[in-house]
Amino acid sequence: MLRFDLCVLGGGLAGSAFAILMAQRGARVVLVEKTRFEALRAGEHLPPQARGALRALGCEAALLADSTIESPGILSRWMTHTAGFKPYIGNAEGLGLNLTRRLFDASLFAQAQRSGVTTHQGASLASAVRGTGTWEIVLRSADETLSLCAARVVDASGRASIFARRQGAQWQCAGDLIAAVARLRATRDGPADNLCLHVDACPRGWWSVTPTRRDVIATFYASAAIKRGMRLDARRWWKWGLESAPAVAERLGRTTKQLEEVRIVPAFPRLLRTMYGTDWFAIGDAAATYDPLSGHGIQYAFEGAFRAAEMASADVPLERLGALYQEAMTARFARHIENRARAYAEAAPRFPRSPFWREMTAPLGEALSV
């Protein structure tokens, strides 16, 4: 049976970054990803400060080639109808990056393999049983069943938190924000004519528009409850949101020629109440997710991977460091919720009759545990 120091479940940003960092430290790591990075993925923009993490992972040049394009800044219509511009020009780290997210994730996963990590794609967790000082894990794919042992399991499975949930962990959820992520074909080959991230508040929700190397990603953020009440499918819901965002519609009309696909994904903040246990812990979106408005989701995933790598490398029992790790993650999540409330309150006066904005500025009350 194959034996590893760490089994990382989930080959997204946090999982791959953590696996690379631990391989750099000499650990035997297996990284498991249930997909083959074929589906549209949300999360398309990195601020300049994220470049430092990429350099530490040894992969910036490889990722820049096919999955990213430089962005000069953020164009925002939030508190007023007048657009404001936050430039990246002059930043010591360089410009921001717009991502083709599935290719970006796949490139980071490939960098993990180049770093000495054993990788498996198209495989999912069938079972994990705690043995004597080790986890006995069974992975299942379309072609085979694989058994292995690992001293520790790292849950990097995203919002599913598949391993942590099996250990009895619960989520603490805030709100019901969903994202209708659309991929549109650009009007010409190469980058679109405006490479800024575009953020726009509108009566029915808010929008982000991100030109990528080959397409334009336009995402409508709104309430799941409102969508259920209207009984619209993904495309009709996205188009309904676009009707209330004329600036976004104008930009898409100018830079795109065809709507290719729309995918609905959850976008509400969520915290895992228990992030560690006997020789396991959760990282990235499996531990905490953040409102996309913050623009910190990817950056936090990298920061969490670095923090977790330091914890996993320390000569201190996980039971002791795990509590400090969870305390730090919980404190950051609490700050995020406070900042989120202030951000939505800034735009809400523009739309006094909007059900969405009334909902986003109402007190959260007791967070839901599921």
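Within each chain, residues carry numbers counting from 1 in the order of the written sequence. Predicted model: local features are reported for residues with pLDDT of at least 70 only, side-chain atom pairs are reported and counted for 80 or more only, and whole-chain, interface and lining totals are derived from all residues. Side-chain metrics in this entry use all non-hydrogen atoms of the structure; hydrogen atoms and water are not considered.

## Digging into the packing of aromatic side chains
Here's step 1: Pairing of aromatic rings covers Phe, Tyr and the six-membered ring of Trp, with a centre-to-centre limit of 6.5 Å; geometry is then stacked below 30 degrees between planes, edge-to-face above 60, and tilted otherwise. Applying the stated criterion across every chain yields a total of 20 aromatic pairs.
Here's step 2: When the ring of Trp78 is compared with that of Trp357, the centres are 5.5 Å apart and the planes differ by 70 degrees; the resulting orientation is edge-to-face. With Trp78 in the loop between β5 (73-77) and β6 (84-87) and Trp357 in helix α11 (residues 355-361), this residue pair connects regions lying 279 residues apart in the sequence.
Here's step 3: Judged by its relative accessible area of 1%, Trp357 falls in the buried class.
Here's step 4: Relative to Trp357, the ring of Phe356 lies with its centre 5.1 Å away and its plane at 85 degrees, an arrangement referred to as edge-to-face.
Here's step 5: Three or more aromatic residues link up through ring pairs in this structure, and these residues are Trp78, Trp206, Tyr221, Tyr344, Phe351, Phe356 and Trp357.
Here's step 6: Ring-over charges, as used throughout, are those where CZ of Arg or NZ of Lys falls within 6 Å of the ring centre and within 35 degrees of the ring normal. The cationic tip of Arg159 hangs over the ring face of Phe268; the distance from NZ or CZ to the ring centre is 4.7 Å.
Here's step 7: A cation over an aromatic ring shows up here: Arg332 above the ring of Tyr300, its NZ or CZ 4.2 Å from the ring centre. Note on conventions: DSSP H or I runs of at least 4 residues are helices, E runs of at least 2 residues are strands, and numbering of each starts at the N terminus. Each residue is placed in one exposure class: buried if its accessible area under a 1.4 Å probe, protein chains only, is under 20% of its type's maximum, exposed if it is over 50%, and partly exposed if it falls in between.

## With respect to the sheet that holds strand β16 (residues 215-223)
Here's step 1: The strand order across the open sheet built from seven strands is β6-β5-β14-β15-β16-β13-β17, with neighbouring strands paired in mixed fashion. Single-partner strands in this sheet number two, and they are β6 and β17 (256-266). In this sheet, adjacent strand axes meet at a mean angle of 15 degrees when their direction is disregarded.
Here's step 2: When β5 meets β6, the two strands line up antiparallel, connected through four bridges. Across the sheet, Gly73 pairs through a bridge with Pro87, a residue of β6.
Here's step 3: Whether two residues are in contact is decided by their heavy atoms: any pair within 4.5 Å suffices. Angular values range over 0 to 180 degrees, each being the angle between N-to-C directions of two axes fitted as lines to C-alpha atoms, with helices fitted over their stretch in contact. Docked against the sheet, helix α7 (residues 234-242) engages β13 (177-186), β14 (197-202), β15 (205-211), β16 and β17, running at close to 110 degrees with respect to β17. Two strands qualify as a pair provided DSSP detects at least 2 bridges between them.

## Examining the nonpolar core
Here's step 1: Among the nonpolar cores identified, the biggest contains 100 residues, and Phe18, Leu46, Ile137, Phe281, Ile283, Phe302 and Trp357 are the most heavily contacted of them.
Here's step 2: Excluding residues that lie within four positions of it along the chain, Trp357 makes contacts with Trp78, Ala201, Cys202, Pro203, Gly205, Tyr344, Ala347, Ala348 and Phe351.
Here's step 3: The next biggest cluster of nonpolar side chains, apart from the first, holds 22 residues, and it includes Ile178, Leu242, Leu252 and Val262. Grouping buried Ala, Val, Leu, Ile, Met, Phe, Trp, Tyr and Cys residues that are joined through side-chain atoms within 4.5 Å yields what is termed a nonpolar core.

## Comments concerning the pairing of β15
Here's step 1: In terms of burial, β15 is largely enclosed, as seven of its seven residues are buried.
Here's step 2: Pairing of β14 with β15 involves five bridges; the strand directions are antiparallel. Following the sheet pairing, Cys202 is matched in β15 by Gly205.
Here's step 3: Two successive antiparallel strands, β14 and β15, enclose a turn made up of two residues.
Here's step 4: When β15 meets β16, the two strands line up antiparallel, connected through six bridges. Considered in β16, the bridge of Trp207 is made with Phe220.

## Some thoughts on helix α4 (residues 101-114)
Here's step 1: An expected span of 1.5 Å times one less than the residue number is assigned to each helix. With 14 residues, α4 ought to run about 20 Å at 1.5 Å a step, and its terminal C-alpha atoms sit 20 Å apart, in line with that.
Here's step 2: Regarding α4, the residues found buried are Arg101, Phe104, Asp105, Leu108, Phe109, Gln111 and Ala112. Along the long axis of α4, the arc covered by the buried residues comes to 155 degrees, so they all point the same way. Here, the arc refers to the directions that run from the helix axis to the C-beta atoms.

## A look at the sheet that holds strand β4 (residues 68-71)
Here's step 1: If you trace the three strands from one edge of the open sheet to the other, you get β3-β7-β4, paired in antiparallel fashion. Each edge of the open sheet carries a strand with a single partner, namely β3 (45-46) and β4.
Here's step 2: Sheet topology places β4 next to strand β7 (residues 96-99); four bridges connect them, and they run antiparallel. Opposite Thr68, over in β7, you have Leu99 as the bridge partner.

## Quick word on the confidence of the model for the protein chain
Here's step 1: Residue-level confidence of the predictor is what pLDDT reports, using numbers from 0 through 100. Of all residues in the protein chain, 97% have pLDDT values of 70 or greater, and the mean over the chain is 93.
Here's step 2: Per-residue pLDDT stays below 50 along residues 366-370; that stretch engages in 13 contacts with residues further than four places along the chain or on separate chains.

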